[in-house]
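Now for the letters of each chain:
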Amino acid sequence: SQQGEEDPQALSIQEGENATMNCSYKTSINNLQWYRQNSGRGLVHLILIRSNEREKHSGRLRVTLDTSKKSSSLLITASRAADTASYFCATVSGGSYIPTFGRGTSLIVHP
Amino acid sequence: DAGITQSPRHKVTETGTPVTLRCHQTENHRYMYWYRQDPGHGLRLIHYSYGVKDTDKGEVSDGYSVSRSKTEDFLLTLESATSSQTSVYFCAITSDLAGYNEQFFGPGTRLTVL
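Figured I'd write up the structure that's included with this text. Each chain carries its own residue numbering, running from 1 in the written order of its sequence. To read the labels, note that chains go from A and ligands from 1, taken in the order they are written. Under the rules for a predicted model, residues below a pLDDT of 70 receive no local features and side-chain atom pairs below 80 are neither given nor counted, while totals for whole chains, interfaces and linings still include all residues. Where side-chain values are given, they derive from all heavy atoms of the structure, hydrogens and water being excluded.

### Notes on the interface of chain B and chain A
Step number 1: Note on contacts: a residue pair qualifies if any of its non-hydrogen atoms lie within 4.5 Å across the two residues. Of the residues lining the interface, 22 residues belong to chain B; the matching set on chain A comes to 20 residues.
Step number 2: Take a side-chain nitrogen of Lys or Arg and a carboxyl oxygen of Asp or Glu: if they are within 4 Å of each other, that pair is a salt bridge. Where chain B meets chain A, there are zero salt bridges.
Step number 3: For this analysis, a polar contact is any N or O atom pair within 3.5 Å, provided that within protein one partner can donate a hydrogen and the other can accept it, and provided that sequence-adjacent residues contribute only side-chain to side-chain pairs. Put simply, chain B and chain A have three residue pairs in polar contact (both at pLDDT 80 or more) between them.
Step number 4: Elements are defined by DSSP. Helices are runs of H or I of four residues or more, strands are runs of E of two residues or more, and each kind is numbered from the N terminus. Of all the secondary-structure elements, those providing two or more residues to the side of chain B that touches chain A are strand S4 (31-38), strand S5 (42-51) and strand S10 (103-105) of chain B.
Step number 5: No other element matches the six residues that S5(B) contributes to the side of chain B that touches chain A.
Step number 6: Throughout, the ten residues Ala, Val, Leu, Ile, Met, Phe, Trp, Tyr, Cys and Pro are labelled nonpolar, Asp, Glu, Lys and Arg are labelled charged, and all others, Gly among them, are labelled polar. Split into classes, the residues belonging to the side of chain B that touches chain A amount to eleven nonpolar, seven polar and four charged.

Structure, rendered in structure tokens:
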């Protein structure tokens, strides 16, 4: 069963705009990760945020984590056509080291 | 791609036939995983391995078996393929250097069972 659920399922924006996608989860986590998947390819790890962190940045990516609401958001600033992909959140909980993936958000960035 | 290859990349087979998918890694990582990806379901864990001959079941292990006789190879076998096993299969590893959190994925195998 999925731990994280992304929202929205699909997002379509113009190049240069910001893209925000959200992830909600059900149980306490150790960390939450975001991955990107380009069409026909494997997933690529983007960023990891630990349960004691609230915000993290990596280039044009900004991830926030609100453990009280059991939710995370991924913001991609100044999006580019190359950002077109599916984005997945994955949670690691309890004594496990194996992430549980959500169903993903499909992002289309129009040039 | 963290030195992960999968073979074959595409396969079409018939119901009832056995199928083996191979995942090969070149960097001596201890942990390896098999996932399937289906529309509306995201990625689901089938089996994983934490060392040679050490494997365990994931969320959707029914109908699948695995073997790991060498560190570099993790095999996924469908003993008798069914149409419900039509999917894209991904192998992944976790890197010791990344603290066993971040996963690195192979390119995937698209399997069609007719």
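### Regarding the sheet that holds strand S6 (residues 55-58) of chain A
Residues and elements named next belong to chain A.
Step number 1: Here, strands pair whenever DSSP counts at least two bridges between them. Reading across the sheet, the five strands line up as S1-S3-S8-S7-S6 and stay open at both edges, with antiparallel pairing between neighbours. In the strand order of this sheet, the two ends are held by strand S1 (4-7) and S6, each with one partner. Direction aside, neighbouring strands of the sheet carry axes that sit 20° apart on average. Axis definition: a line fit to C-alpha positions, over the contact stretch in the case of helices; interaxial angles, taken between N-to-C directions, run 0 to 180 degrees.

### A look at the state of the cysteines
Step number 1: The term disulfide is used for any two cysteine sulfur atoms that are within 2.5 Å. Overall, the coordinates contain two disulfides over all chains when judged by the stated rule.
Step number 2: Here A:Cys23 connects covalently by a disulfide to A:Cys89, the sulfurs 2.0 Å from one another. Measuring handedness by torsion sign, the sulfur bridge of A:Cys23 and A:Cys89 sits at about 65° and is right-handed. Of this pair, A:Cys23 sits in strand S3 (residues 19-25) while A:Cys89 is found in strand S9 (residues 85-92), placing the two residues 66 residues apart along the sequence.
Step number 3: A sulfur-sulfur separation of 1.9 Å characterises the disulfide bridge that pairs B:Cys23 with B:Cys91. In this structure, the disulfide formed by B:Cys23 and B:Cys91 twists by about -70° around the S-S bond and is classed as left-handed. With B:Cys23 in strand S3 (residues 19-25) and B:Cys91 in strand S9 (residues 87-94), this pair connects stretches of sequence that are 68 residues apart. Each member of the pair, B:Cys23 together with B:Cys91, is buried. Type-normalised accessible area, obtained with a 1.4 Å probe on protein chains alone, sets the label of each residue: buried when under 20%, exposed when over 50%, and partly exposed for intermediate values.

Spatial relationships are all this shows, so hold off on functional conclusions.
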